[in-house]
Amino acid sequence: MAIRYKHRAGNRRKAFLIACIYLLCIFSSLYAGEIDLSGSRLLVSPSVKSPVRETIIRVLQEEVNRRTDVHLGVTGGWEGASIIALALSSDAILSGRPLPGKEKLPLQAESFSVIVEESASQTVVWLIGADERGLLFAAGHLLRTSLFAGKNILFDSSNAIKSAPEYPIRGHQLGYRNTANSYDAWSKEQYEQYIRELAIFGANSIETIPFDQSPSPHMKVSREEMNRHISVVCRNYGLDYWAWTPVNADLSDENLFRAEVKKHSDYYKQCPYLSHLFVPGGDPGNNHPRYVMPFLKAIAGELEKQHPQAGVWISLQGFSDEQIDYFYHYIETESPDWLRGVVSGPGSPPLSDTRRRLPQKYMHRHYADVTHTVRCLYPTLRWDQAFALTLGREPVNPQPFYYAAIHDRYAPFTDGFLTYSDGAHDDLNKFIWSRKGWSKEEDAAAITEQYVRFFFGANPADCVTDAIMGLERNWDGPIEANGGVEITFFRWQQLEEAYPRLQNNWRWQMLLLRAYYDAYTKRRKLYEQALEREANKLLGQAPAIGSEKAMTLALEKVTEADRVNPAPSLRKKIDDYCEALYHSAGLQTSVEKYQASGPERGCVLDFVDYPLNNRWWLADQFEKIGRMETEAEKLSALEVIATWENPAKGGYYDNISDISQSPHVKTTVYDATDVAWWDGGKSRKRLSTQLFQNFPQLVYEDLDPKGRYLIRIAGYGDALLRVDGERISPTLYNKELEEFKEFPVDRRFFQDGKLEISFDEPEESHLNWRQYSKVCDIWLIKRN
């Protein structure tokens, strides 16, 4: 076995080397016009203000040295064969030499130009910013588009550019708090490096959460110290520093109101640098805007004393229609100058409505969730339940095309964004948004290539870029029908072997974790569900062999999954990468092992072996059936289980929100609240019960006009069924989970061979949304 493995590994390595040679040829042609900047020195205009001036020099020197061991020295004159000249467009000359022609110079705030001037004796690469921030972005462009090969810095002259941002707000929330799955374990140096990298890709804003006091076992410094540090980093880089400050106090209480204002005032005095303050109307918070708006006015006055340029923002998250109308009436009549703008996030009105109703004097920011996969604003579409049960809500989720499309859909209604992020796992998505906020014309593939070149090296970038896109495709559709999962896994195994130098790179580790996890999950699902099909066949023999023996044999068969692992080597790799990521990026993939704040917070290791068949549910059902009084009752119950997904001939079954078992369902739940989270993610309910919709719509075709049909429904609460638009009455109506409702269907509804069913919404406004009625399974049963 070992020899055969080594032979396969050798073939894999050989195939990869051939691909590398081919791609290196492509790269050679791409960089045919390169300029070697390895011996360059930095010439910086004295008009570039501190501390951004020193920061830009340090960024260029450290990032180049990290990749090449080359040190870019600083010079005061034009001596030398290669110069990188940094200036502002307002400069007339730099050390006696005029800047390039005016038509090449940037004018818009934050814009920049990268200009190449070559002569027989000297090459000059000009980095010119309209302001200090623009100059920082010019340096970022040079770093992102250069090829670092050995001790060479190669810049293709075709990458010279004049560029300006399309949206003025481009940032990310990086809250140093316990609920983050990694940020709370970062050092000051890690935070600065990450902020630097986001700025290199065009981000101009960072948001923190200064008032969160939940304890974390991972924090290396206090919250106050880290938040002050991030504030200083933003000042040094010339970036905007935002603070997210929800109000949980009851503002209708005058004493609590004053105490909350004082808390803000004290914070402003302690904060070295602050650009914007964002107070969410809700999520969390539960105050009416009649109290929120006076509160914002009060803290705006305190803010002006310490940070006179800073702006106050509010979101309408969780507001009722009446509260939303109150807010708009207030700003239309008061027109407060202290309010800078409105933020739209989860639970807000539609972005298009907000921009339409909001007076033009106020800005509009998108608070986009790029961090979650289910039960969120932008869930992963067509996601297999196997992934939802195991990877959960905060897995490593590189989805460049999906998040690029979300940005482009909503950006026209906004002035930009700060994304909602709760950890390093959504890393690529933040960089996609950073570049899309600069220009919607940049496509996801090109941005991913820049990401790969900058963070992993360019040898050869195409393989890695395509492999990352393969990870995104892994999540599209039923896992059992997705042949790309194994192909992508094979490619990542090749890359893992080819790039041992990246084994300690946390971004690389995350991508490899996902490749192993996806392949492991697919293999487990195929294996475990095959065991359940065999178990159901054994249950079908119950009338002949007896209920007790049938249940014993069926349980033995379905629980083979607990005794035999179909991919133990992959399982070991998942453990290894989770361990590596805890040490390299502070990623907490387990509550018990790595002290994550909760099971929904990226704990993929805790759910890696969650059953992908119904063995837990079957064990519980068999225990109940064993207590039944008669053999006839037991056999009847076992028949229901054995034929759950396979009704009699002429019948149909739909698992309402399972993409692989819902052929007749026409509705989709776009916030993925149809994926249950019960019992801390370790529910023993039937897998189909853990998927549901509140008011699904289904269409059946090719029915027998002479047949007799019955609609059976499993779910919770009420099911106000309509057939072809007409309400029909049940003959059986149980309301608990995994109990049935039954509705006979009159022949007049399907004389054309077609049947459309829908559900009315019951009056449940008095309930929490988690207690709303649900439809989990639907059968159309053809009766004899």
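The structure under discussion appears in the preceding block.
What you see is a predicted model; the values in this text were computed from it and never measured.

Structural notes on the overall build of the protein
Next up, step 1: Helix and strand counts for the protein come out as 23 helices and 28 strands.
Next up, step 2: In summary, the protein has a C-alpha radius of gyration of 30 Å against a globular reference of 28 Å for 784 residues, a match within 12%.
Next up, step 3: Each principal axis of the C-alpha atoms in the protein carries an extent, and together these give about 100 × 75 × 55 Å.
Next up, step 4: Counting across all 784 residues of the protein, residues that qualify as buried make up 58%.
Next up, step 5: Of all intrachain contacts in the protein linking residues separated by at least 6 positions in sequence, the fraction that spans at least 24 positions is 75%.
Next up, step 6: For the protein, the exposed area adds up to about 32,100 Å²; of that, 50% sits on carbon and sulfur atoms.
Next up, step 7: Separation between the mean location of the 92 positive side-chain charges and that of the 105 negative ones in the protein comes to 3 Å.

Points about the environment of Gly282
Next up, step 1: Within the secondary structure, Gly282 sits in the loop between strand E15 (276-280) and helix H7 (289-306).
Next up, step 2: For Gly282, a relative accessible area of 2% corresponds to the buried category.
Next up, step 3: Between the alpha carbons of Gly282 and Thr245 there is a distance of 11 Å; along the sequence they are 37 residues apart.

Topic: the packing of helix H2 (residues 52-68) against helix H5 (residues 223-237)
Next up, step 1: Contact geometry of H2 with H5 gives a least axis separation of 7 Å together with a crossing angle of 90 degrees. Considered as vectors, H2 and H5 are oriented roughly perpendicular to each other. Where H2 abuts H5, its residues Val52, Thr55, Arg58 and Val59 lie against Arg235, Asn236 and Tyr237.
Next up, step 2: A per-class count over the contact of H2 with H5 returns three nonpolar, two polar and two charged.

Re the pairing of strand E16 (residues 311-315)
Next up, step 1: Most of E16 sits out of view: five of its five residues are buried.
Next up, step 2: Neither face of E16 is exposed, since Gly311, Trp313 and Ser315 on one face and Val312 and Ile314 on the opposite face are all buried.
Next up, step 3: Two elements, E15 and E16, share five bridges in a ladder whose sense is parallel. Within E16, the residue paired with Leu277 across the bridge is Val312.
Next up, step 4: Pairing analysis gives four bridges linking E16 to strand E17 (residues 339-344), with the strands arranged parallel. Opposite Ser315, over in E17, you have Val343 as the bridge partner.
Next up, step 5: Handedness of the crossover joining E16 and E17 through helix H8 (residues 321-334): right-handed.

Quick notes on the pattern of salt bridges
Next up, step 1: The full count for this structure, using the stated rule, is 58 salt bridges.
Next up, step 2: Across the salt bridge formed by Asp427 and Arg507, the nearest N and O atoms sit 2.6 Å from each other. Of this pair, Asp427 sits in helix H12 (residues 427-438) while Arg507 sits in helix H16 (residues 506-540), and the two are 80 residues apart along the sequence. Side by side, Asp427 and Arg507 carry an identical accessibility label, which is buried.
Next up, step 3: A salt bridge links Arg435 to Glu442, with the shortest nitrogen-to-oxygen separation between them at 2.5 Å.

Focus on the nonpolar core
Next up, step 1: In terms of nonpolar packing, the biggest core is built from 154 residues, with Leu60, Leu127, Leu296 and Trp492 touching the most fellow members.
Next up, step 2: Counting residues per element, this core draws most heavily on H16, which supplies 11 residues.
Next up, step 3: Look past the residues within four positions of Leu127 in its chain and what remains in contact with it is Leu60, Ile84, Ala85, Leu86, Ala87, Ser113, Val114, Leu135, Ala138, Ala139 and Leu142.

A few points about empty space enclosed by the protein
Next up, step 1: Counted by the stated rule, this structure contains eight cavities of 30 Å³ or more.
Next up, step 2: Of the volumes computed, that of the largest cavity is approximately 80 Å³.
Next up, step 3: Contributing to the lining of the largest cavity are Arg375, Ala388, Leu389, Val675, Ala676, Trp677, Trp678, Gly681, Lys682, Ser683 and Gln690.

Let's talk about helix H20 (residues 568-585)
Next up, step 1: For H20, built from 18 residues, the straight-helix expectation of 26 Å at 1.5 Å per residue is met to within 8% by its first-to-last C-alpha distance of 25 Å.
Next up, step 2: When we look at burial in H20, the residues that qualify are Leu570, Arg571, Ile574, Tyr577, Cys578, Leu581, Ser584 and Ala585. The buried residues of H20 all sit within an arc of 155 degrees when viewed along its axis, so they share a single face. Within H20, the exposed residues directed more than 90 degrees away from the buried face are Pro568 and His583.
Next up, step 3: Where H20 is buried, its residues touch helix H4 (188-200), helix H15 (484-498), H16 and helix H21 (591-594).
Next up, step 4: With its phi angle positive at about 70 degrees, Gly586 sits one or two positions after the end of H20.

Some words on H16
Owing to its 3.6 residues per turn, the α-helix brings residues three or four apart onto one side.
Next up, step 1: Taking 1.5 Å per residue as the helical rise, H16 with its 35 residues ought to reach 51 Å, and the 50 Å between its terminal C-alpha atoms agrees with that figure.
Next up, step 2: Along H16, 26 of the 35 residues are buried, which leaves the element largely enclosed by surrounding structure.
Next up, step 3: Measuring from the backbone nitrogen of Arg507 back to the side-chain oxygen at the start of H16 gives 2.9 Å, which picks out Asn505 as the cap.

Observations regarding the side chain of Glu260
Next up, step 1: Here Glu260 shows up in helix H6 (residues 254-270).
Next up, step 2: In this structure Glu260 comes out as buried when scored by relative accessible area, which is 8%.
Next up, step 3: One polar contact links Glu260 to Lys263, side chain to side chain, over a distance of 3.1 Å.

The rules behind the values
Residues numbered from 1 in each chain as written. Predicted model: local features only at pLDDT ≥ 70, side-chain atom pairs only at ≥ 80, totals over all residues. Heavy atoms only, no water. Helix = DSSP H or I, 4+ residues; strand = E, 2+ residues; numbered from the N terminus. Rg over C-alpha atoms; globule rule 2.2 N^0.38 Å. Buried < 20%, exposed > 50% of the residue type's maximum accessible area, 1.4 Å probe, protein only. Contact = heavy atoms within 4.5 Å. Areas by Shrake-Rupley, 256 points an atom, 1.4 Å probe, with all protein chains shown as cover. Lys, Arg positive; Asp, Glu negative; His and termini not counted. Charge placed at Lys NZ, Arg CZ, Asp CG, Glu CD. Axes fitted to C-alpha atoms, helices over the stretch in contact; angles between N-to-C directions. Parallel < 35°, antiparallel > 145°, perpendicular 65-115°, else oblique. Nonpolar A, V, L, I, M, F, W, Y, C, P; charged D, E, K, R; others polar. Pairing = 2+ DSSP bridges. Right-handed = clockwise from strand over helix to strand, strands pointing away. Salt bridge = Lys/Arg side-chain N within 4 Å of Asp/Glu carboxyl O. Core = buried A, V, L, I, M, F, W, Y, C linked by side-chain atoms within 4.5 Å. 1 Å grid on protein atoms, 1.4 Å probe; cavity = no way out; pocket = protein on both sides within 12 Å on 5 of 7 lines; lining within 4 Å. Points joined across faces, edges and corners; volume = space filled by probe spheres on them. Expected span 1.5 Å × (residues − 1). Arc of directions from axis to C-beta. Polar contact = N/O pair within 3.5 Å; in protein donor to acceptor, adjacent residues only side chain to side chain.

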